[in-house]
Amino acid sequence: QPESSVGYPHPLVQLRLVDDDNRNADQGGLEMKSPAMMNGYHNRPDVKPPFTDDGFYITKDVFRRDLGNLTDAYTEVARRLGVMPAAAPVKPTLIN
């Protein structure tokens, strides 16, 4: 498993990467499905949880598939630059 890999999912967790057109992709947005996944927000019936029509949770994280492993695209860029800043300030900068 490559150093930049985030590892393997639990056997009961399904993961997929989708592109901007919601098609399976080797790099894209991470979506996940699990029997332990929340189905809404506590005491917030007014907030629609981010699920696809087929029950996958939309994480809004960008990953890529690398030799069967998943790699967080933002973390990989930071490692190559030799820095490991917190993800919150890095993601908006990389997106823009």
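Scope of this entry: the structure provided in the associated data block. (Residues numbered from 1 in each chain as written. Predicted model: local features only at pLDDT ≥ 70, side-chain atom pairs only at ≥ 80, totals over all residues. Heavy atoms only, no water.)

Considering the side chain of Thr52
Part 1 of the argument: Residue position: Thr52 is located in the loop between strand E2 (27–33) and strand E3 (57–66).
Part 2 of the argument: At a separation of 2.5 Å, a polar atom in the side chain of Thr52 contacts the side chain of Asp54. (Helix = DSSP H or I, 4+ residues; strand = E, 2+ residues; numbered from the N terminus. Polar contact = N/O pair within 3.5 Å; in protein donor to acceptor, adjacent residues only side chain to side chain.)

Comments concerning the pattern of salt bridges
Part 1 of the argument: Evaluated as defined, the whole model comprises 5 salt bridges.
Part 2 of the argument: Glu31 is paired through a salt bridge with Arg16; the nearest N and O atoms lie 2.8 Å apart. Note that Glu31 is positioned in strand E2 and Arg16 in strand E1 (residues 14–18), a separation of 15 residues in sequence.
Part 3 of the argument: With a relative accessible area of 4%, Glu31 lands in the buried category.
Part 4 of the argument: Salt bridges sharing common partners tie together Arg16, Glu31 and Asp54. (Salt bridge = Lys/Arg side-chain N within 4 Å of Asp/Glu carboxyl O. Buried < 20%, exposed > 50% of the residue type's maximum accessible area, 1.4 Å probe, protein only.)

A word on a nonpolar patch on the surface
Part 1 of the argument: Judged by side-chain polarity, Met38, Tyr41 and Val47 come together as a nonpolar surface patch covering roughly 220 Å² of accessible area.
Part 2 of the argument: Within the secondary structure layout, Met38 lies in the loop between E2 and E3. (Patch = residues over 30% accessible without salt bridge, like charges linked within 9 Å, V, L, I, M, F, W, Y side chains within 5 Å. Areas by Shrake-Rupley, 256 points an atom, 1.4 Å probe, with all protein chains shown as cover.)

Regarding the environment of Phe56
Part 1 of the argument: Secondary-structure assignment places Phe56 in the loop between E2 and E3.
Part 2 of the argument: Residue class for Phe56 comes out buried when judged on its relative accessible area of 7%.
Part 3 of the argument: Separated by 24 residues in the primary sequence, Phe56 and Met32 have C-alpha atoms spaced 5.1 Å apart.
Part 4 of the argument: Sequence-distant contacts of Phe56, that is, excluding residues within four places in its chain, are made with Gln14, Arg16, Glu31, Met32, Lys33, Pro50 and Phe51. (Contact = heavy atoms within 4.5 Å.)

Describing the packing of aromatic side chains
Part 1 of the argument: For the structure on display, the rule yields 1 aromatic pair.
Part 2 of the argument: With a centroid separation of 5.7 Å and 70° between ring planes, the pair formed by Phe51 and Tyr57 is classed as edge-to-face.
Part 3 of the argument: Sitting above the plane of the Phe56 ring, Arg16 keeps its charged end 3.7 Å from the centroid. (Phe/Tyr/Trp six-rings, centres within 6.5 Å; stacked < 30°, edge-to-face > 60°. Lys NZ or Arg CZ within 6 Å of the ring centre and 35° of its normal.)

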